[in-house]
Amino acid sequence: MSLNVIFRRLGWTGSLAVLAGVASLPALIPQPVLAQGAPAAALSRQSFVTTAVARTGPAVVTLETSRTVQSSGLPSGLLMDPLFRHFFGNARGAAPRQRVQRGQGSGVLFSSDGLVLTNAHVVEGADQLSVGLSDGRRVQGRVIGKDALTDLAVVRLSDPGPWPTADLGDSDRLQVGDWAIAVGNPYGLERTVTLGIISNLNRNVSQLGISGKRLDLIQTDAAINPGNSGGPLLNADGEVVGINTLVRSGPGAGLGFAIPINRARSIAAQLVSRGRASHPMVGISLSPVPAAAPGSAPRSGAVVRSVQRLGPAQRAGVRVDDVILAINGAAMQSPAAVVSAVERHGVGEPLQMTVRRGERQLTLSVTPVDVTALVQS
């Protein structure tokens, strides 16, 4: 078999010129094999990011808010200064001044009749709300529901549309290392795109020193800056997998966080239908199950560290140091999994909680209540 035949079978299109036992070197260099009739220009320079952003970009909007605030125009510390009061009298009785405070954020259209998903803190206290689209159109909007515990809000555009919409993905299918594309309007710079990866999943806000929220966040190194809040976090296919909510400043700067879209979708549905969201709770605090030995892998389950007096868990017989193993037959791997299971179950229907107490295993029937009822009790 000749060398030319061997090279052709290996996919080399060059020929081997042999003359007096000497091979010509250029003929030995393999050449790229293109499909028959395909021009070299078919090798596109377009990246997957371009395709993903083109799919969702028209649905990304800018939200501009304004609200009127009143102030005396003087610092409160100055008003309390005895020397200032001696010369200028009691300025507390002076008529307060009004000024307009403006803010900006991002959002994403998820319904063709003009529903926008964004962060609650973006629209907090807004008297007027203007929504700008990528094609230059600008319309008025109004907040139809917001939820401070998850920092989510839904805005309805004043015009009926139809409007461009983004495709919502499945955040439960995300894996650490997946591509992450953040789209938004940081510092008023419209349609800014940054690229990174999913750095971690189910990052509880308590780990970030934030209280008063019920969130397990997606962590990403895609740059999220002020003004990105409320904008979408996309996967490589251009589907929305999260709603950008905050960026870590100071130590650890550069870490961005987003609300998983599956959680956001559930909250948005409640805000649209009722104007508020329900948050089932059973009145316990949890911690991970300690490892069997130092350095070993953590064990599944969640340890009950406290039980709220007269709460659903106490009434059902849950005790401190019980280890929650399963809810409604599904194994619980961590405290975050327990919280998610209670959230999905809803309010008013009993759930079956399997716990380990010493050497015994028990199944208790616990009926979650809304967080507002738990606080009032």
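Computed from a predicted model, the values in this text were never measured in an experiment.

Caption draft 1: Looking closely at the overall build of the chain. Within the chain, the regular secondary structure consists of 9 helices and 22 strands. Considering only intrachain contacts with a sequence separation of at least 6, the fraction spanning at least 24 residues in the chain is 61%. Entry remark: accessible area of the chain is about 20,400 Å², with carbon and sulfur atoms responsible for 54%.

Caption draft 2: The arrangement of the pairing of strand β18 (residues 323-327) in detail. Buried residues dominate β18, accounting for 4 of its 5 residues. Note: strand β17 (residues 299-307) against β18, 2 bridges, orientation antiparallel. Looking at the pairing, Val-303 lines up with Val-323 of β18. Taken together, the 4 bridges between β18 and strand β20 (residues 351-357) define a ladder with antiparallel strand orientation. Within the sheet, the bridge partner assigned to Ala-326 lies in β20 and is Thr-354. Between β18 and strand β19 (residues 330-331), which pair antiparallel and follow one another directly, the connecting turn spans 2 residues, one of which, Asn-328, has a positive phi of 50 degrees.

Caption draft 3: Quick look at the packing of aromatic side chains. Using the criterion set out here, one finds 1 aromatic pair in the structure. The interplanar angle of 45 degrees and the centroid separation of 5.2 Å between the aromatic rings of Phe-48 and Trp-179 together place this pair among those described as tilted. With Phe-48 in helix α2 (residues 48-56) and Trp-179 in strand β9 (residues 179-184), this pair connects stretches of sequence that are 131 residues apart. Judged by its relative accessible area of 42%, Trp-179 is partly exposed.

Caption draft 4: Region of the structure containing the pattern of salt bridges. As enumerated under the stated definition, the model contains 9 salt bridges in all. The partner of Glu-343 in a salt bridge is Arg-263, and the shortest N-O contact between them spans 3.1 Å. Here the residue Glu-343 occupies a position in helix α8 (residues 335-345), and Arg-263 occupies one in helix α6 (residues 261-274), the gap between them amounting to 80 residues. Taking relative accessible area as the criterion, Glu-343 reaches 15% and is therefore assigned buried.

Caption draft 5: Seen up close, the side chain of Thr-245. Structurally, Thr-245 is set in strand β13 (residues 240-247). Within the structure, the side chain of Thr-245 is placed 3.0 Å from the side chain of Asp-151, a separation counted as a polar contact. Leave out the neighbours within four places in its chain, and Thr-245 touches Asn-119, His-121, Asp-151, Leu-217, Ser-229, Phe-257, Ala-258 and Ile-259.

Caption draft 6: Structural context of the nonpolar core. Formed by 43 residues in total, the largest nonpolar core has its most connected members in Leu-63, Leu-109, Leu-117 and Ile-243. Beyond its immediate stretch of four places on either side in the chain, Leu-109 contacts Ala-59, Val-61, Gly-114, Leu-115, Val-116, Leu-133, Leu-157, Trp-163, Pro-164, Thr-165 and Ala-166. In terms of nonpolar packing, the next biggest core, distinct from the first, is built from 17 residues, Val-282, Ile-324, Ala-341 and Leu-364 among them.

Caption draft 7: Molecular detail of α6. The end-to-end C-alpha distance of α6, which contains 14 residues, comes to 20 Å, matching closely the 20 Å that a straight helix rising 1.5 Å per residue would cover. For α6, the full list of buried residues reads Ile-261, Ala-264, Ile-267, Ala-268, Gln-270 and Leu-271.

Caption draft 8: Just α2, in detail. All of the buried residues along α2 are Val-49, Ala-52, Val-53 and Thr-56. Take α2 and look down its axis: the buried residues cluster within an arc of 95 degrees, on one side only.

Caption draft 9: Highlighting the pairing of strand β7 (residues 138-147). In this sheet, β7 lies alongside strand β6 (residues 128-132) in antiparallel orientation, the contact comprising 3 bridges. Within the sheet, the bridge partner assigned to Gly-132 lies in β7 and is Arg-138. Hairpin remark: β6 followed by β7, antiparallel, with 5 residues in the connecting loop; positive phi at Gly-136, about 100 degrees. Between β7 and strand β8 (residues 152-157), which follow one another and run antiparallel, lie 4 residues, and Asp-151 among them has a positive phi close to 55 degrees.

Quick notes on the rules
- Residues numbered from 1 in each chain as written.
- Predicted model: local features only at pLDDT ≥ 70, side-chain atom pairs only at ≥ 80, totals over all residues.
- Heavy atoms only, no water.
- Helix = DSSP H or I, 4+ residues; strand = E, 2+ residues; numbered from the N terminus.
- Contact = heavy atoms within 4.5 Å.
- Areas by Shrake-Rupley, 256 points an atom, 1.4 Å probe, with all protein chains shown as cover.
- Buried < 20%, exposed > 50% of the residue type's maximum accessible area, 1.4 Å probe, protein only.
- Pairing = 2+ DSSP bridges.
- Phe/Tyr/Trp six-rings, centres within 6.5 Å; stacked < 30°, edge-to-face > 60°.
- Salt bridge = Lys/Arg side-chain N within 4 Å of Asp/Glu carboxyl O.
- Polar contact = N/O pair within 3.5 Å; in protein donor to acceptor, adjacent residues only side chain to side chain.
- Core = buried A, V, L, I, M, F, W, Y, C linked by side-chain atoms within 4.5 Å.
- Expected span 1.5 Å × (residues − 1).
- Arc of directions from axis to C-beta.

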